[in-house]
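Given next are the chains, with one letter for each unit.
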Amino acid sequence: MNEPIIVRHWLTAAAPKAAPAVATTTVLALARIWNANGAEHCVGDAALMTVLAAGAAAGGASVARAGEPVLAATGYAVSGSLALAGVAGYSDDLSLPLLLWALATVLAYCFAARHWRQDRRETVAYERDVSERREERAHIERVETIRATAQIEVARTGGAYAEQLAAALVHRAALPGFDPTALESAGLPGLLVTDALTDL
């Protein structure tokens, strides 16, 4: 069986690897825009972001206890994003937001690498299972092909032998002085030449 060749574009392969950095950079950029529009040293905005970040973290923890790791990770990511946005929007200089951005990006890649490894393991296991099943089916097909070929050869050989035997009976019966009873008296199995000639 011929498998279709699929060539993925390099952007398709690189997009998941760049997603954590793009996400944290987008949060930092939006927070700095918010800072320039009045959030700098605004206690109310900082308190709002603190409450939202704590709520997202609490939601992630409750969902994690319920056994939903994907939703828990989403809650924690939202909580970290809100905390980063709150600090980046409140502070006047850029050094602390950049430090938090770098830390958030590293943490995002650490969490994402775990999921990428798990996905890679599952993909390799699936490909190995498919390859083993394909090889097993190919082996069964080869064995059945050999068996069918052998049966055809046996049938063909049997047919050729029957034709040769019939020709030998006809030739022997045509010989002068052939006596079928002499074969029987010599202890050899008798050949029903007349019946064979009749069948022919």
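Throughout what follows, the structure given in this document is the object of discussion. (Residues numbered from 1 in each chain as written. Predicted model: local features only at pLDDT ≥ 70, side-chain atom pairs only at ≥ 80, totals over all residues. Heavy atoms only, no water.)

1. Digging into the packing of aromatic side chains
Here comes step 1: For the structure shown, the criterion picks out one aromatic pair.
Here comes step 2: Geometrically, the ring pair formed by Tyr 109 and Trp 116 is edge-to-face, given 6.2 Å between the ring centres and 65° between the ring planes.
Here comes step 3: In this structure, Lys 17 packs its charged tip against the face of Trp 116, placed 4.1 Å from the ring centre. (Phe/Tyr/Trp six-rings, centres within 6.5 Å; stacked < 30°, edge-to-face > 60°. Lys NZ or Arg CZ within 6 Å of the ring centre and 35° of its normal.)

2. Considering helix α3 (residues 69-90)
Here comes step 1: With 22 residues, α3 ought to run about 32 Å at 1.5 Å a step, and its terminal C-alpha atoms sit 31 Å apart, in line with that.
Here comes step 2: Listed as buried for α3 are Ala 72, Gly 75, Ser 79, Leu 82, Leu 84, Ala 85, Gly 86, Ala 88 and Gly 89. (Helix = DSSP H or I, 4+ residues; strand = E, 2+ residues; numbered from the N terminus. Expected span 1.5 Å × (residues − 1). Buried < 20%, exposed > 50% of the residue type's maximum accessible area, 1.4 Å probe, protein only.)

3. A closer look at the nonpolar core
Here comes step 1: The biggest cluster of nonpolar side chains holds 10 residues, and these are Val 27, Leu 28, Ala 31, Met 49, Ala 53, Ala 56, Leu 82, Leu 84, Ala 85 and Ala 88.
Here comes step 2: Looking at this core element by element, the count peaks at four residues for α3.
Here comes step 3: Dropping the residues within four chain positions of it, Leu 28 is found in contact with Ala 88, Pro 97, Leu 98 and Trp 101. (Core = buried A, V, L, I, M, F, W, Y, C linked by side-chain atoms within 4.5 Å. Contact = heavy atoms within 4.5 Å.)

4. Side note on a nonpolar patch on the surface
Here comes step 1: Side chains of Leu 103, Leu 107 and Phe 111 sit close together on the surface and give an oily, nonpolar patch of about 330 Å² of accessible area.
Here comes step 2: Among the secondary structure elements, Phe 111 is positioned in helix α4 (residues 95-174). (Patch = residues over 30% accessible without salt bridge, like charges linked within 9 Å, V, L, I, M, F, W, Y side chains within 5 Å. Areas by Shrake-Rupley, 256 points an atom, 1.4 Å probe, with all protein chains shown as cover. Salt bridge = Lys/Arg side-chain N within 4 Å of Asp/Glu carboxyl O.)

5. Things to note about the side chain of Thr 105
Here comes step 1: With respect to the helices, strands and loops of the structure, Thr 105 is situated in helix α4.
Here comes step 2: With residues up to four places along the chain from it excluded, the contact list for Thr 105 reads Ala 21 and Thr 24.

6. A few points about the environment of Pro 20
Here comes step 1: Position of Pro 20 relative to the elements: it lies in helix α1 (residues 10-39).
Here comes step 2: For Pro 20, a relative accessible area of 10% puts it in the buried group.
Here comes step 3: For Pro 20 and Leu 107, which are 87 residues apart along the polypeptide, the C-alpha to C-alpha distance reads 9.1 Å.
Here comes step 4: For Pro 20, the residues in contact, after removing those within four places along its chain, are Ala 108, Tyr 109, Ala 112 and Trp 116.

7. Comments concerning the side chain of Thr 24
Here comes step 1: Of note, Thr 24 is situated in helix α1.
Here comes step 2: Judged by relative accessible area, which is 10%, Thr 24 ranks as buried.
Here comes step 3: Here Ala 21 takes part through its backbone oxygen, which lies 3.1 Å from a polar atom of the side chain of Thr 24.
Here comes step 4: In contact with Thr 24, not counting residues within four places along its chain, are Leu 84, Trp 101, Ala 104 and Thr 105. (Polar contact = N/O pair within 3.5 Å; in protein donor to acceptor, adjacent residues only side chain to side chain.)

8. Brief notes about the pattern of salt bridges
Between side chains of opposite charge, pairing is possible as soon as their charged atoms come close.
Here comes step 1: Tallying each qualifying case throughout the model produces three salt bridges.
Here comes step 2: Put simply, Asp 129 and Arg 133 hold a salt bridge, and the shortest N to O gap is 3.3 Å. With Asp 129 and Arg 133 both in helix α4, this residue pair falls four residues apart, about one helical turn.
Here comes step 3: Overall, Asp 129 belongs to the partly exposed group, its relative accessible area being 33%.
Here comes step 4: Taking the relative accessible area as the measure of exposure, Arg 133 reaches 38% and is therefore partly exposed.

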